[in-house]
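Letter by letter, the chains look like this.
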Amino acid sequence: MAEVKVAVRLDNLRAPLRKSLPLVAAMGASAIEIDARNGIRPSELSDTGLRQLRKMLDDLNLRVAAVRFPTRRGYDVTQDLDRRVEATKAAMEFAYKLGAPVAVNQIGMIPEEKDDPRYITLQSVMEDLGRYGTRIGAMFAAETGTESGETLAELLDASEDTYVAAALNPGQLIINRHSPRDAIKALGNRIQVVCAVDGVIDLAAGRGLSVPLGQGTADFPELLGLLENFQYRGYFVVGRRDMPADSAYDELSQGVEYLQNL
């Protein structure tokens, strides 16, 4: 099995860039994920700033595994959709400039009926982002979570002329009562980055919860084996949404160690 390449979600550290990058390097990770909406915004980074960021990364022997661009609404919502798509394309351009292969976002709720206007809108946006990614050299990656991997794959497979990647998030799948195993089988070679998040179903509360790596029901050794069937060589990004600030460094460090020991 190929070596596991581990990245760290930079926004979880809640620290200035010059302090965060050495912390990631000290953890033993080889890459970072940048939040291009709430962290380093492409519109606020000059060419000089971009060169300085690249140098800081090079000095620490770090790469950019992915650019995350969370939007307030999904691409199924028509309100402000054009602006949302253009901002996503800017994040994809940013990813390309940083040498990252993908820009990641959840795409919104996928309707069950294919003739639903929201489904048609989603399909149109995915085709648009797919064409744009081919043109600029960095792909859009739809993150798994609210829908099953099979449902997401069906949407992405609808167009044979464009390519949209997938970002596998096992924890979010578990939280929403979907199977990470089935998602890998359905999405296959589309998976270009793995959001290394774990999850459990809290039966008492009747809902799913994200938890530190190794403390949930995601069987990462098995998932690695399934990904190997598709010759997956991308990064595993440690870090989850709403990670407690006071324990973030320890959880990230333990997550890096957990993956490296698999």
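Provided above is the structure to which this section pertains.
Predicted model only: the values in this text are computed from it and were never measured.

A.B. asks: Honestly, the pairing of strand β5 (residues 139-143) in this entry has me stumped. Any pointers?
C.D. replies: In the case of a regular strand, side chains alternate between the two sheet surfaces. Burial runs high along β5: four of the five residues are buried. The pairing of strand β4 (residues 102-105) with β5 spans four bridges and is classified as parallel. What sits directly across from V104, in β5, is A141. Note on the crossover from β4 through helix α4 (residues 117-136) to β5: the handedness is right-handed. Bridging between β5 and strand β6 (residues 165-168) involves three bridges; their strand directions are parallel. Bridging from a neighbouring strand, E143 pairs with A167 of β6. As a crossover connection, the stretch from β5 through helix α5 (residues 149-156) into β6 is right-handed.

A.B. asks: I keep staring at the layout of surface pockets and nothing clicks. Help me out?
C.D. replies: If a probe as big as a water molecule is rolled over the atoms, it shows which places are left empty. Taken as a whole, the largest pocket holds about 520 Å³ of empty space. If you go around the largest pocket, you meet 27 residues; those closest to its centre are R9, R68, Q106, E143 and R241. Counting only elements with at least two residues in the lining of the largest pocket, the list comes to β4, α6 (170-175) and β9 (207-211). Here the lining of the largest pocket takes three residues from β9, the largest share from any one element.

A.B. asks: Help me out: how do you make sense of the nonpolar core in this one?
C.D. replies: Generally speaking, nonpolar side chains in soluble globular proteins are found buried as a group. Counting residues in each nonpolar core, the largest one holds 87 residues, and the members touching the most others are I107 and M126. Not counting chain neighbours up to four residues away, the residues in contact with M126 comprise Y75, I107, F140, L155, L156, T162 and V164.

A.B. asks: Which parts of the structure should I look at to understand the pairing of strand β2 (residues 31-35)?
C.D. replies: The buried count for β2 comes to five of five residues, which makes it a mostly enclosed element. Neither face of β2 is left uncovered, since the one carrying A31, E33 and D35 and the one carrying I32 and I34 both have all their residues buried. Judged from the three bridges that link them, strand β1 (residues 5-9) and β2 form a sheet pairing that is parallel. By the bridge assignment for β2, V8 is matched with I32. In the classification by handedness, the crossover that spans β1, the intervening helix α1 (residues 17-27) and the parallel β2 is right-handed. What joins β2 to strand β3 (residues 63-68) is helix α2 (residues 47-59), and the crossover it makes is right-handed.

Conventions and cut-offs
Residues numbered from 1 in each chain as written. Predicted model: local features only at pLDDT ≥ 70, side-chain atom pairs only at ≥ 80, totals over all residues. Heavy atoms only, no water. Buried < 20%, exposed > 50% of the residue type's maximum accessible area, 1.4 Å probe, protein only. Helix = DSSP H or I, 4+ residues; strand = E, 2+ residues; numbered from the N terminus. Pairing = 2+ DSSP bridges. Right-handed = clockwise from strand over helix to strand, strands pointing away. 1 Å grid on protein atoms, 1.4 Å probe; cavity = no way out; pocket = protein on both sides within 12 Å on 5 of 7 lines; lining within 4 Å. Points joined across faces, edges and corners; volume = space filled by probe spheres on them. Core = buried A, V, L, I, M, F, W, Y, C linked by side-chain atoms within 4.5 Å. Contact = heavy atoms within 4.5 Å.

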